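Examining the three-dimensional arrangement
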Amino acid sequence: MKTKYQVIIDDIKSKILSGDYNIGEQIPTESVLQEKYNVSRHTVRKAILDLANEGFLKSEKGSGTYVSNKYQSKSTRGSTNKTIGVMTTYISDYIFPSIIRGIETRLKEDNYSLLLASTNNDVEQEKKALEMMLAYGVDGLIIEPTKSNQYNPNIAYYLSFKEQDVPFIMINAFYEELDVPFLCLDDTQSSYLATKELISKGHMQIGLIAKIDDLQGKYRMKGYIKALGEAKLRFQPEQVLSFTTETKPELSQNLKKFLIENRDMLTAIVCYNDEVGLEVANVCRQIDLPVPEKLSIIGQDNSYIAKNANIKLTTLTHPQEQMGRDAADWVIKKLQGKKDLPNETYYQPVLIEGETVKELDVE
């Protein structure tokens, strides 16, 4: 539980970093702050003094307290040793170590430092990470958006970076309400190719496991629907199991119910990613549903967990390290004043055959 004193500091700092309070603007008086936060004048003064020491505020005798930009000059911006902030949803899981390795390798070539933060796909943690990056004064930023298929309450922070001419690029997804450069896998094409592969092997009852709070999931569902439509196969909502970041812990349990209910109907499943694909294979073992004899599975992303699993998952490629390298390269070139850099880049996925897809015998 935060102390009232810390609440005042965090709240005022957030308002400055998000642009609610502009540089040079007078903040509310001590008595107004006292009432707002229900604290003593001593607590308000202590918070203001600490914020002034950090360079966020300056007090002028007889006039009031104003927003200062000294916190920016206290940071590294403008120094010879440039720092690039990197914000991903996760750091040590799945494809993220490879992406971060690509970023780090490219930054080292030009002697840039890296400041890393993870959001755990949570908007409150994303807010804290953005505030840290703004307060630190990073020279550029590489971001994997948080819950990219939902409205994001942290848009003001991104606009603050724009106003300060701090270049940033998004990876894996982007916020559709913001006009920002991005590097993405062609997620629609990835699921399209996965579904098409199953159709070409004679499968007509194909399920989908979809993550619906991220843009990747939205586009991967789009590719699945597109392939079904081209093959004149009907989209059946009951053959889709969706999940979000919050419901992911129950995925195994929900998959078991879904697969038991559909075991006599579905012959194949397109999965949101390899992690989900391997979870499907694991649940199939629990309910004695042989893979691929009774159920074919395709993952996506060609992750290290798919390469090291006890079953060789059929999957599709993701650029991972190359994406990280390209993102770092884009930011470096932008800081060097290069013009005409690409605003959007889509990497094309390629199917990697494994042992989880079986051709159906056509009677």
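Rules of the game
Residues numbered from 1 in each chain as written. Predicted model: local features only at pLDDT ≥ 70, side-chain atom pairs only at ≥ 80, totals over all residues. Heavy atoms only, no water. Helix = DSSP H or I, 4+ residues; strand = E, 2+ residues; numbered from the N terminus. Buried < 20%, exposed > 50% of the residue type's maximum accessible area, 1.4 Å probe, protein only. Pairing = 2+ DSSP bridges. Right-handed = clockwise from strand over helix to strand, strands pointing away. Axes fitted to C-alpha atoms, helices over the stretch in contact; angles between N-to-C directions. Contact = heavy atoms within 4.5 Å. Salt bridge = Lys/Arg side-chain N within 4 Å of Asp/Glu carboxyl O. Core = buried A, V, L, I, M, F, W, Y, C linked by side-chain atoms within 4.5 Å.

Some words on unusual backbone geometry
In this structure, Pro292 follows Val291 across a cis peptide bond, with omega equal to 5°. Position of Pro292 among the secondary structure elements: in the loop between helix 11 (274-286) and strand 11 (296-298). Despite not being glycine, Lys147 shows a phi value in the positive range, around 45°. Note on placement: Lys147 falls in the loop between strand 5 (140-143) and helix 7 (155-163). Judged by its relative accessible area of 9%, Lys147 falls in the buried class. Notably, Asn172 is not glycine yet its phi reads approximately 70°, a positive angle.

Structural notes on the pairing of strand 4 (residues 113-118)
As judged from the six bridges shared by strand 3 (residues 83-88) and strand 4, these two strands associate in the parallel manner. Bridged to Val86 within strand 4 is Leu116. One crossover worth recording links strand 3 to the parallel strand 4 by way of helix 5 (residues 96-109), and it is right-handed.

So, the sheet that holds strand 10 (residues 268-271)
Sheet strands pair via backbone hydrogen bonds, and the direction of the pair is either parallel or antiparallel. With parallel pairing, four strands are arranged side by side in an open sheet as 9-8-10-11. If you trace the sheet from one side to the other, it starts and ends with strand 9 (240-243) and strand 11, each paired once. Sheet twist, expressed as the mean angle between neighbouring strand axes with direction ignored, is 15°. Alignment of strand 10 against strand 11, held across three bridges, turns out to be parallel. Across the sheet, residue Ile269 finds its bridge partner in strand 11, namely Ile297. In this fold helix 8 (residues 187-200) packs onto strand 8 (206-211), strand 10 and strand 11, with an angle of close to 170° to the strand it touches most, strand 10. Running over the sheet, helix 11 touches strand 8, strand 9, strand 10 and strand 11 and is turned about 145° from strand 10.

Side note on the pattern of salt bridges
What the rule picks out here adds up to 21 salt bridges. For Asp11, the salt bridge is made with Lys15, and the minimal N-O distance between the two is 3.3 Å. Taken together, the residues Asp11 and Lys15, both in helix 1 (residues 4-18) and four residues apart, mark about one turn of the helix. By relative accessible area, which is 18% here, Lys15 ends up buried. For Lys257, the salt bridge goes to Glu261, with nearest N and O atoms at 3.1 Å. Here Lys257 and its partner Glu261 are both found in helix 10 (residues 251-262), four residues apart, which amounts to about one turn of the helix. For the residue pair Lys257 and Glu261, the accessibility class agrees, reading exposed in each case. Because the salt bridges share partners, they merge into one network encompassing Arg106, Glu109, Asp110, Arg325, Asp329 and Lys333.

Brief notes about the nonpolar core
Ranked by internal contacts, the top residues of the largest apolar core, which has 45 residues, are Tyr158, Phe161 and Met170. A total of six residues in this core trace back to one element, the largest contributor, which is helix 1. Once residues lying within four places of it in the same chain are set aside, the contact partners of Tyr158 are Met87, Glu126, Leu130, Ile143, Phe168, Met170, Tyr175 and Leu178. By size, the runner-up hydrophobic cluster in this structure holds 25 residues, among which are Ile209, Leu259, Ile269 and Ile311.

That is the geometry; function is a separate question.
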